[in-house]
Amino acid sequence: MHGLLSILIWLPIAAGILVLLLGDARIGAGRWLALVASLTTLALAVPLWTHFDPGSAALQFPELAPWIPRFKAFYALGVDGISMPLIVLTAFMTVPVVIAGWSVIDMRPAQYYAAFLIMEGLMIGVFAATDALLFYFFWEAMLIPMFLIIGIWGGPRRVYATIKFFLYTFLGSVFMLAALIYMYVKAGDYSIASLQALPLTLIEQRWIFCAFLLAFAVKVPMWPVHTWLPDAHVEAPTGGSVILAAIMLKMGGYGFLRFSLPIAPDASRELDLLVIALSLIAVVYIGFVALVQQDMKKLIAYSSIAHMGFVTLGAFVVYEIVRHTGSLAGAGMGMDGAMVQMISHGLISGALFLCVGVLYDRLHSRQIADYGGVVNTMPVFASFMVLFALANAGLPGTSGFVGEFLVIIASFRASFWYALLAAVTLVLGAAYTLWLVKRVVFGPVVSPRVAGLKDLNGRETVVLGALAVAVLVVGVWPAPLLKVMQPTIQHLVSQAVASKL
Amino acid sequence: MNPTVLLAIPLLPLAAGVIAGLGGKLIGRAGAHTITCLAVAASCVLSCMVLRQLLAGAPTYDAPVYTWLLSDAVPMQVGFLVDRLSALMMVVVTFVSLCVHVYTIGYMHDDPGYTRFFSYISLFTFAMLMLVMSNNFMQLFFGWEAVGVVSYLLIGFWYTRPSATFAGLKAFIVNRIGDFGFVLGIAGVVYFTHSLGYREAFAAAPHIAQALVPVSSATSVNALTLICVCLFIGAMGKSAQVPLHVWLPDSMEGPTPISALIHAATMVTAGIFMVARMSPLFEYSEGALSFVLVIGATTAFFMGLLGVVSNDIKRVIAYSTLSQLGYMTVALGASAYGAAIFHLMTHAFFKALLFLAAGSVIIGMHHEQDMRKMGGLARYMPITAVTCWIGALALVGTPFFSGFYSKDAIVEAVGASHRWGAGYAYWCVLCGVFVTALYTFRMLFMTFHGPERFPQAHAAHPDPHEEPTYPILLAAEVQHEEHAGPPHESPAVVTVPLIALAIPSVLIGALTVAPLLFGGYFGSSIFVLARGHELGTLGAEPGGWLRLALEGFARLPVYLALAGAITAWLFFLRRPGWADEAARRAHGLYTLLVNKYYFDWFNEKVLAALARGVGVGLWKGGDQALIDGVMVDGSAAGVTWVGSLLRRVQSGYLYSYAFWMMIGLALLLAWFLGHV
């Protein structure tokens with residue numbers, strides 16, 4: 001299986017360039033090429049899972065080649081229990097995006113598909129890179145296609161949204177780059193493993209932690225650097241929203257787990273209350289904000305922020321657990337919950353954005369007020385929408401429940417109040433999601449336009465059906481997912497609590 | 001016990017529900033009701049077999065089915081605990097469900113959502129069985145939420161009615177407030193036991209009772225009390241206890257079979273079952289039990305009062321359900337878990353009967369639910385009237401009827417309890433007996449007796465503003481509107497379940513009172529710490545049911561019920577003017593009751609408005625004004641500058657620039673790779 005990760009990265013990129021070269025004139029072939037490439041990538045992600053040794057925390061499928069010897073930067077790849085599931089998720093979520101754009105994108109379709117395929121490869125690169133400079137390369141490069149997707153296929157305020165998106169993420173990344181270079185100077189190379197092993201004083205750790213916090217908090221996004229997300233989602237085309245919510249937000253959570261906790265464990269311990277407070281604000285504050293949204297995409301965007309609050313809470317509650325109980329028991333559960341929440345949110349938010357896309361393709365409106373009684377004309381769609389909404393509200397038996405449940409249980413060990421505030425999502429999440437469903441899906445047909453709606457076509461049914469199966473399987477039997485993560489998470493917990501001082 | 005059989009009990013309804021739901025078009029209406037009815041019937045038979053095995057001395061079954069997940073060495077499993085408590089629940093759930101399945105064939109006959117309905121009620125049966133059969137908190141929570149979802153879908157079943165979808169949403173959110181407490185209680189259990197299993201939690205209860213949970217830097221609360229109160233908040237949502245009761249009356253928007261199955265007989269008793277199941281935990285917390293006692297007593301009395309002023313036949317029964325759930329809760333609070341489960345069982349039969357009888361009346365009256373437009377129906381619908389009378393007599397606690405045995409036991413247990421709050425609770429349950437009889441007989445008299453008020457009602461019925469609101473009107477309703485005529489008795493698919501439920505409504509109390517209350521039926525599945533207030537051994541003797549009933553005549557409740565019946569007769573049959581006069585005289589009280597103590601007003605006008613206000617405030621004030629306004633537009637100059645730059649670049653070429661830049665970057669890196 002040597003070179004599998006490289007194939008997963010470069011196959012979609014190569015296919016993307018090929019689609020670009022084929023051009024809009026031969027888009028028929030281009031579309032099929034995009035579909036075949038994304039399906040092949042997904043098929044190749046399967047052996048990544050099946051050949052992964054779930055008993056080990058070590059990096060697997062390693063690849064190493066010189067890249068920029070002058071900077072001791074290597075083309076180094078490898079996966080462990082936290083990056084592998086995210087790569088599989090990336091490969092899985094690109095397929096629906098390709099299918100969803102099939103007959104909808106008329107403007108520059110070749111470039112559209114090329115952007116998504118190239119982005120897929122770059123995103124897999126982010127998760128697979130074990131060299132910090134390579135990681136940074138992918139991290140920044142992946143922004144360009146997303147920048148273009150919003151800027152070109154976006155809505156009327158796309159320029160504003162794109163600039164906001166760009167400024168926020170770029171600003172965060174610059175600080176991360178500075179931190180990486182500082183550590184490179186001290187460590188002598190860019191390998192993430194040696195950065196993790198690098199001894200740092202508390203002062204250094206604080207600076208590095210804050211630099212990382214800026215970069216990752218913007219991506220997650222955490223309150224108060226979240227306002228770019230609703231704008232970006234509203235303007236982005238459906239596919240862009242799906243990838244943004246499903247994969248790009250996970251980069252932030254992944255960054256915390258991969259960089260912040262192991263590289264600056266003492267600063268993380270010192271500043272954990274800051275992250276926990278921001279996470280809980282995200283859950284409660286954003287929950288209320290989501291409640292009053294008039295735009296479906298904005299509502300789901302805010303819901304994403306609230307759900308991602310569980311990721312950061314689960315990751316950082318470790319320190320409070322140790323502080324209050326003096327034991328590590330339960331610390332891993334918080335991180336397990338954070339990881340499962342990332343995977344689950346990828347599936348559910350992606351599915352919900354696809355649902356909104358289905359409606360938008362038909363009525364060209366995202367306003368909740370323009371809908372009502374969709375179930376009368378689109379019963380199959382309504383079933384899917386209700387399922388994903390319930391999953392978003394954290395219904396047991398769907399993937400949405402698993403992560404939240406684990407994080408709430410783990411938080412109780414740290415403080416009753418953390419658990420209580422996190423559990424508020426049970427009420428708020430149900431309220432904003434099901435109120436959305438009530439207004440859009442149920443009720444009498446509100447307008448002739450809704451009365452003229454056509455139910456899902458085969459293409460849409462396949463896409464939503466596949467996601468529904470994934471949401472249910474993870475919800476009913478999450479054990480395999482937890483199993484591949486287990487040793488890595490245990491290792492990560494030990495890194496996070498081991499002082500570097 | 002055979003694990004395959006146990007697995008089949010919940011999975012058969014699940015499979016049938018999925019087939020009816022996904023393949024409804026394929027198998028058709030008859031296919032859908034055949035497969036779901038057969039599956040639930042099979043579950044019912046198997047449940048009865050399991051119960052028989054347990055009665056014959058089979059040991060309790062407690063084993064996992066599969067590991068849901070393993071996190072941080074805490075295994076979370078799906079597994080079954082089948083003892084006499086859960087087996088009894090399984091039989092009640094599947095039997096009532098089966099009756100409702102059969103009844104639905106008739107009741108929903110003309111409904112366009114026929115197959116969907118069968119799919120939902122089968123799924124509900126599955127979820128409820130998972131709940132009662134669980135041996136751990138995770139699965140309990142799964143069943144708990146799953147029944148909530150099916151209830152949400154069923155209340156909003158007629159989704160074109162705004163009131164129905166609103167009621168469904170309300171039910172789900174109010175239940176979620178309960179679940180919010182419930183999940184915290186579960187988290188507390190895991191905190192102390194590192195496990196989600198009942199067995200581990202029960203074993204650790206005495207130890208948890210000594211522990212404290214800090215809630216601020218200075219104060220701590222007893223851990224077990226905190227956990228039990230949190231768990232009970234979950235029960236308050238599901239079992240509709242004040243102040244989380246508000247969803248249940250509105251849930252009557254759903255089809256009547258649902259009111260019978262979910263909102264009377266099974267789902268709403270989940271909270272009662274849960275507390276009984278958790279008796280090894282609750283027993284160690286006096287504080288939590290007092291809380292349970294007071295909440296239950298308040299619900300039992302004050303919700304019953306609302307039944308006296310309601311004119312909708314289904315709502316009267318709904319308030320009655322609230323009140324009776326209060327009785328069960330009071331029993332739990334008084335440590336009389338056996339009596340609570342006993343009342344749960346008898347109530348399941350007679351309340352399902354009352355609801356199905358009400359449904360039959362509604363069909364007969366061409367979908368009219370207002371009792372002011374009924375009267376004298378006994379002549380037109382004899383079977384419905386007789387069965388409804390039987391259910392009513394059981395409800396008010398007439399000696400020899402099933403409700404008598406269970407309610408009497410509760411009143412007695414509360415009277416004997418010395419727990420904090422027991423004095424208040426005793427008054428509530430005693431007065432509640434009078435109130436129960438009052439609203440029950442009021443309903444009987446207004447519906448089945450007295451002058452016929454429907455001919456005028458029909459003349460006045462067509463409401464020009466009502467029809468267009470529901471463009472997709474129920475086929476059933478359309479049909480009935482067209483064939484509006486005098487009331488008629490319902491067909492056999494409706495009356496047979498009525499009769500099937502009437503029999504246990506009379507007999508089940510007398511038959512089972514000896515083992516359930518006195519014979520130690522529950523064995524180890526219910527745990528009582530202090531055996532200070534036992535019910536005596538009278539009932540355990542042969543023929544005890546007879547003596548219990550005769551003894552009942554020597555006690556207050558029977559006479560309170562009689563007084564209630566006479567009052568109802570006087571006010572609503574003999575001198576109907578008196579009722580209006582009373583309403584005028586006690587105007588303040590009447591207004592308070594008609595407005596349901598202003599709970600709905602408070603929730604909708606204050607709480608919901610507040611939540612939306614907070615949302616708007618945080619959005620406009622926090623996100624837009626503070627964060628975007630100060631932080632982002634503080635650098636607005638920068639944004640404008642970049643924006644103007646970008647606008648200058650012809651957007652048509654922007655794309656290719658960027659793309660070739662990327663490819664150039666890649667080539668550059670490749671060159672680096674080779675040359676440096």
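Residues numbered from 1 in each chain as written. Chains lettered and ligands numbered in written order. Predicted model: local features only at pLDDT ≥ 70, side-chain atom pairs only at ≥ 80, totals over all residues.

## Section: the overall build of chain B
A tally of regular secondary structure across chain B gives 28 helices and four strands. For chain B, the proportion of its 676 residues judged to be buried stands at 56%. (Helix = DSSP H or I, 4+ residues; strand = E, 2+ residues; numbered from the N terminus. Buried ≥ 20, exposed ≤ 12 C-beta atoms within 10 Å, placed from the backbone.)

## Some details on the packing of helix H14 (residues 313-333) of chain B against helix H17 (residues 402-416) of chain B
For any two helices packed against each other, the geometry comes down to the angle between their axes and how far apart the axes lie. Residue and element names in this part refer to chain B. For the pair H14 and H17, the least separation of the axes is 9 Å and the interaxial angle reads 45°. One element, H14, and the other, H17, form an angle in the oblique class. Taken as a pair, H14 and H17 cross one another with a handedness that is left-handed. Residue-level contacts link Tyr327, Val330 and Ala331 of H14 to Lys407, Ile410, Ala413 and Val414 of H17. Broken down by class, the residue content of the contact of H14 with H17 amounts to six nonpolar, no polar and one charged. (Axes fitted to C-alpha atoms, helices over the stretch in contact; angles between N-to-C directions. Parallel < 35°, antiparallel > 145°, perpendicular 65-115°, else oblique. Left-handed = near helix turned anticlockwise from the far one by under 90°. Contact = placed C-beta atoms within 7 Å. Nonpolar A, V, L, I, M, F, W, Y, C, P; charged D, E, K, R; others polar.)

## Notes on helix H17 (residues 399-414) of chain A
With 16 residues, H17(A) should cover 22 Å at 1.5 Å per step; its first-to-last C-alpha distance of 24 Å lies within 8% of that length. The buried fraction of H17(A) amounts to 16 of the 16 residues, a majority that puts the element mostly inside the structure. (Expected span 1.5 Å × (residues − 1).)

## Some points on the confidence of the model for chain A
Close reading of the predicted structure is inappropriate where its pLDDT is low. Mean pLDDT for chain A: 91, with 100% of residues reaching 70 or above. No element of chain A has a lower mean pLDDT than helix H7 (residues 158-187) of chain A, at 84, and none a higher one than helix H16 (residues 379-392) of chain A, at 95. (pLDDT = per-residue confidence, 0-100.)

## Details of the interface of chain A and chain B
Listed per partner, the contact involves 58 residues of chain A and 59 residues of chain B. Among the elements that line the side of chain A that touches chain B, the one with the most residues is helix H18 (residues 416-440) of chain A, at twelve residues. Residues that form the side of chain A that touches chain B fall into these classes: 45 nonpolar, eight polar and five charged.

## Here's the deal with unusual backbone geometry
Cis geometry marks the peptide bond from Val220(A) to Pro221(A), where omega comes out at -15°. Cis rather than trans, the peptide bond between Trp223(A) and Pro224(A) has omega equal to 5°. Following the sequence through the fold, Pro224(A) ends up in the loop between helix H9 (202-219) and helix H10 (228-235). Phi is positive for Phe61(A), close to 50°, though the residue is something other than glycine. With respect to the secondary-structure elements, Phe61(A) resides in strand E1 (residues 60-68). In this model, Phe400(B) sits at a positive phi of 85°, which is unusual for a non-glycine residue. Position of Phe400(B) among the secondary structure elements: in the loop between helix H16 (382-396) and H17. Judged by the 18 C-beta atoms lying within 10 Å of it, Phe400(B) falls in the partly exposed class.

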